[in-house]
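# Observations on chain architecture
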Number of protein chains: 2
Amino acid sequence: MTERLVVIGGDAAGMSGASQARRLKDPNGLEIIAFEKGNFTSYSACGIPYAIGGVVDDFDELIVRRPEEFRDKYSIDARIRQEVLAIDLLGRKVTVRDLDAGREYTEGFDLLLVATGAKPIKPPLPGVDSQGVFGVQTLDDGMAIEKFVADESPQRAVVVGGGYIGLEMAEALVTRGLKVTVVELAPQPMSKLDPDMGEWVGEKMRAMGIELLTSEPVTAFEEEGGRVRSVVTESRNLSADVVVLGLGVKANSDLAAEAGITVGSAGGIEVNKQMETSAPGVWAAGDCAEKYHRITHKPVVIPLGTHANKEGRVAGMNIGGAYATFPGVIGTAVSKVCDLEVARTGLQEQEAEELGFEYIASTVDSTTRAGYFPGSSAIKIKLIVEINTGRLLGAQIVGEEGAAKRIDVLATAIWNEMEVAEMLNMDLSYAPPFAPVWDPVLIAARKAWEKLESSRRRD
Amino acid sequence: MTERLVVIGGDAAGMSGASQARRLKDPNGLEIIAFEKGNFTSYSACGIPYAIGGVVDDFDELIVRRPEEFRDKYSIDARIRQEVLAIDLLGRKVTVRDLDAGREYTEGFDLLLVATGAKPIKPPLPGVDSQGVFGVQTLDDGMAIEKFVADESPQRAVVVGGGYIGLEMAEALVTRGLKVTVVELAPQPMSKLDPDMGEWVGEKMRAMGIELLTSEPVTAFEEEGGRVRSVVTESRNLSADVVVLGLGVKANSDLAAEAGITVGSAGGIEVNKQMETSAPGVWAAGDCAEKYHRITHKPVVIPLGTHANKEGRVAGMNIGGAYATFPGVIGTAVSKVCDLEVARTGLQEQEAEELGFEYIASTVDSTTRAGYFPGSSAIKIKLIVEINTGRLLGAQIVGEEGAAKRIDVLATAIWNEMEVAEMLNMDLSYAPPFAPVWDPVLIAARKAWEKLESSRRRD
């Protein structure tokens, strides 16, 4: 008997799931149809700022696999510009709109994978829908910005939100010759870092010629003839030919919710470790699905391609009749902004505090290579350590070339619930082109341990 | 009551120990005398090839702390060119030769830290003591080579041994304009990697103009007027104006052994986790001391600055009345040779086999960044996994810029006895400038896991 899998969403999670299911079951056992609303399947959305900034030559390079390839090599019927409008769980069918033909049709399914991704947060402010105001989520979004910049030659850009994507876009637009202002509600950019770690980012942005306005709420977007002409904040009016919204995204879980699939407290589709939703025979993966946070033990929504790929693979394995589980996340992230590398994993101070952890925070400055070695660059590492257990709760890195990827060592330590006391003598690699004789990670662990010990003695 | 600590050896382990003890006890509680046979204290021996190759401008940059600094800032009486000839455990004194004055004297001690380091392995071959044949262990060795190259303008160099130090020195001498031949006994260079991983290194060496002769035992060194003129192997005679011995080192444990301190099966001084030797009140640390290998559970000798520093610190803490332990090593190492980055941790195939582990080995090729991102370079990762437990036993990396430091993630995984099944979904950082959407470490874990699963199914 041939079953049919329908996949809603043709990017990382959906197509990873489809491909993985295909590896386990041939077309006689499993027919696969994937619906994608946009023009592209399986691409690197994280690469958009680099394509706009010209670091990457062409948007084409961001495409991993086109629909034809899925069809020809994987026997997956990947259909672009097909928007799924409704899921009928009982009738086992989806209603689809062909965006080009303008017609609607239904397709039946036995198994369903919901991979509807995320959507940029759009503040409910006057003028937010004006022409020239862009979110950055899909490849189509990215290409729309590219086209606008190329065709309309905007001079002034305002980026609303100073998180990863906002700063990456600000840098890209500066590279394209625009005058760029970043407006951030918080007192500092990069709120996924603690303020003391984010400071350096602000300095570098300003050095690159980006105007950075912090603690500044945006109140409206002014338009002229339907086209944005300025961004209004509580304290000023910023003229803008183009606006990029970098306010983060939220899980695109509406379609699932409307069908009666349970959406959790974090706003994403609830899934178990096998990526099964509340509805039998229905999986969810990627940005639309909640993830289990291994430190807080709470569901979170973290839109990130690497999670989407892994979750898609896990869903695909289970759909294909194997068994796999996704063990959760710990909030690891990395970015390169304005010649700085920034990274984080685990909890920030504020998160640790809100969750009621008693902790110490300790920050060290070191170098990426032996101090005397050419190319040795500055690196700052902050560790957050639970006082009771001595366990590492979180880590942040800001630094120059060669700094940020060290976060993976700290992520692996957190993953294994290591105590800093054990970390300070770990056998990490040393040679002058790669590290000082005490790797910065070990120095950070040692200093945190010393602070922990002295905090205990004070008690 | 003031006690006296005597430290034998003024490099990483000895001076880390002395400084750490000083942090805990002031000069009223602990007098510290450190004897160093050579001209320098506390330096980076690993930096020698880079100083000779001109990557680092000056040997001075390799010096971390001079004797005056120890004396003035730490109240440590650090004496250079003082060779300890004998330890009298019962009489609690050492006999010292002042190498400049030519006189001998004794100094009493209450506590003793032996940090005599390692010595280059010198094959017992005719002519090995000729002028122009150098080991590379101490800063004095390095400066002697530098002086020889600068003063005598040698044209042809032969490096005996194709391990880390041999290859680093070969590259340095090529950079200085010498014609360099590396003679290696094994079938491939870099025997701390498996042959399939070492191959690439051989290619790169040849591309750099280094002549590489493998499976070629050296039988003699020919000299003329006391000065080396050629290296004789089983199959040829290689003319040489300068010869570098890169055959590894052995623990310098003779002095301790002569005093009755127990030397272990690996040839180093036996120590417990607190770095205590068999003799009460006597510690050992660094290259002269054995280390506990956390995977094999056997003592090993691994000469490496980073271990020396950590062990010195642990010894110093215990000497100073605190409590600390050194948890052992897993064989992590990294090097940059001929534009390649190489790294390893845990067991190689041969070691795993000799120890009777049943394992699978799996190698993957990936890139250091997203494939489309500028600077994305090749990386090859090999994992060795125990079949029974699924536990990661060892890992090796060879690659270009940005490859090798990933070994620390694998080292941290091994440290925590992780199974590959758990590793493949670890929350490692992703962004296009830093990794493909599946980090190479995760790809390696996934492929190893798949191979493991299929090997189990075959059983």
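Keep in mind the model is a prediction, meaning the values are calculated, not measured. (Residues numbered from 1 in each chain as written. Chains lettered and ligands numbered in written order. Predicted model: local features only at pLDDT ≥ 70, side-chain atom pairs only at ≥ 80, totals over all residues. Heavy atoms only, no water.)

## Concerning the overall build of chain A
When its secondary structure is counted, chain A shows twelve helices and 25 strands. Against the 2.2 N^0.38 benchmark of 23 Å for 459 residues, chain A shows a C-alpha radius of gyration of 23 Å, consistent with a compact globule. Of all 459 residues assigned to chain A, the portion counted as buried reaches 60%. Put simply, 64% of the contacts in chain A that link residues at least 6 apart link residues at least 24 apart. If you sum the accessible surface of chain A, you get close to 17,100 Å²; carbon and sulfur atoms cover 46% of it. Taken together, the 48 basic and 67 acidic charged side chains of chain A have centroids lying 2 Å from each other. (Helix = DSSP H or I, 4+ residues; strand = E, 2+ residues; numbered from the N terminus. Rg over C-alpha atoms; globule rule 2.2 N^0.38 Å. Buried < 20%, exposed > 50% of the residue type's maximum accessible area, 1.4 Å probe, protein only. Contact = heavy atoms within 4.5 Å. Areas by Shrake-Rupley, 256 points an atom, 1.4 Å probe, with all protein chains shown as cover. Lys, Arg positive; Asp, Glu negative; His and termini not counted. Charge placed at Lys NZ, Arg CZ, Asp CG, Glu CD.)

## With respect to the relation of the copies chain A and chain B
At an RMSD of 0.0 Å, chain A and chain B line up after a rotation of 180° and a shift of 0.0 Å along the axis. Expressed as a symmetry operation, the mapping of one chain copy onto the other fits a two-fold axis. Taking C-alpha positions as reference, the residue of chain A nearest the rotation axis is Val-409 of chain A, located at 2.4 Å. Of all interface residues in chain A, 100% are interface residues in chain B too; the two copies therefore contact each other through one and the same surface. (Least-squares fit on C-alpha atoms with pLDDT ≥ 70 in both.)

## Re the sheet that holds strand E10 (residues 156–160) of chain A
All names here are of chain A. If you trace the five strands from one edge of the open sheet to the other, you get E9-E16-E10-E11-E12, paired in parallel fashion. The sheet is open, and its two edges are formed by strand E9 (133–135) and strand E12 (211–213), each paired on a single side. Across the sheet, the mean angle separating the axes of adjacent strands is 20° when strand polarity is ignored. Relative to strand E16 (residues 242–245), E9 is paired through three bridges, and the arrangement is parallel. Across the sheet, residue Val-133 finds its bridge partner in E16, namely Val-243. (Pairing = 2+ DSSP bridges. Axes fitted to C-alpha atoms, helices over the stretch in contact; angles between N-to-C directions.)

## A few points about the pairing of strand E5 (residues 93–98) of chain B
Residues and elements named next belong to chain B. Of the two faces of E5, only the one carrying Val-94, Val-96 and Asp-98 is buried; Lys-93, Thr-95 and Arg-97 on the other face are not. Taken together, the six bridges between strand E4 (residues 82–88) and E5 define a ladder with antiparallel strand orientation. Following the sheet pairing, Val-84 is matched in E5 by Val-96. Taking the residues that link successive antiparallel strands as the turn, the E4-E5 hairpin has four residues, and the phi of Arg-92 there is positive, at about 50°. Alignment of E5 against strand E6 (residues 104–108), held across five bridges, turns out to be antiparallel. Residue pairing in the sheet places Arg-97 in a bridge with Glu-104 of E6. Counting the residues between successive antiparallel strands, the hairpin from E5 to E6 contains five residues, one of them, Gly-102, with a positive phi of roughly 75°.

## Some details on the confidence of the model for chain A
Here chain A averages 96 in pLDDT, and 100% of its residues register 70 or above. Scored as a complex, the prediction yields pTM 0.96 and ipTM 0.96. (pLDDT = per-residue confidence, 0-100.)

## Description of the sheet that holds strand E14 (residues 227–233) of chain B
Residues and elements named next belong to chain B. The three strands lie next to each other as E13-E14-E15, forming an open sheet whose pairing is antiparallel. One side of each edge strand has no neighbouring strand; the edge strands of this open sheet are strand E13 (218–224) and strand E15 (237–239). Pairs of neighbouring strands in the sheet enclose a mean axial angle of 30°, with direction left out of account. Across six bridges, E13 lies against E14 in antiparallel orientation. Each bridged residue has a counterpart across the sheet, and for Glu-224 the counterpart in E14 is Arg-227.

## Notes on the pattern of salt bridges
Side-chain pairing between opposite charges can occur once the charged atoms of the two side chains come close. Applying the stated criterion to the full structure yields 68 salt bridges over all chains. Arg-344 of chain A is the salt-bridge partner of Glu-351 of chain A, the closest N and O atoms lying 3.4 Å from each other. Using a relative accessible area of 26% as the deciding quantity, one classes Glu-351 of chain A as partly exposed. As a salt-bridge pair, Glu-211 of chain B and Lys-179 of chain B come within 4.0 Å of each other at their nearest N and O atoms. Separated by 32 residues along the polypeptide, Glu-211 of chain B in strand E12 (residues 211–213) and Lys-179 of chain B in strand E11 (residues 179–183) bring together distant segments of the chain. Residue classification places Glu-211 of chain B among the partly exposed positions, given a relative accessible area of 30%. For Lys-179 of chain B, a relative accessible area of 40% puts it in the partly exposed group. (Salt bridge = Lys/Arg side-chain N within 4 Å of Asp/Glu carboxyl O.)

## Digging into unusual backbone geometry
Residue and element names in this part refer to chain A. Unlike most non-glycine residues, Ser-42 shows phi in positive territory, near 45°. Among the secondary structure elements, Ser-42 is positioned in the loop between strand E2 (30–36) and helix H2 (48–53). The residue Arg-81 is not glycine, and still its phi comes out positive at about 55°.

## Details of the interface of chain A and chain B
Taken together, the contact between chain A and chain B spans 67 residues of the former and 67 residues of the latter. The junction of chain A with chain B conceals about 5,600 Å² of combined surface from both sides, 61% of it contributed by carbon and sulfur atoms. Together, Tyr-372, Asp-427 and Phe-434 of chain A form the three largest contributors to the area buried by chain A at its contact with chain B, with a combined 14%. Applying the counting criterion to the chain A and chain B interface returns seven salt bridges. Joining chain A to chain B, the criterion identifies 24 residue pairs in polar contact (both at pLDDT 80 or more). (Buried area = accessible area lost by both parts, 1.4 Å probe. Polar contact = N/O pair within 3.5 Å; in protein donor to acceptor, adjacent residues only side chain to side chain.)

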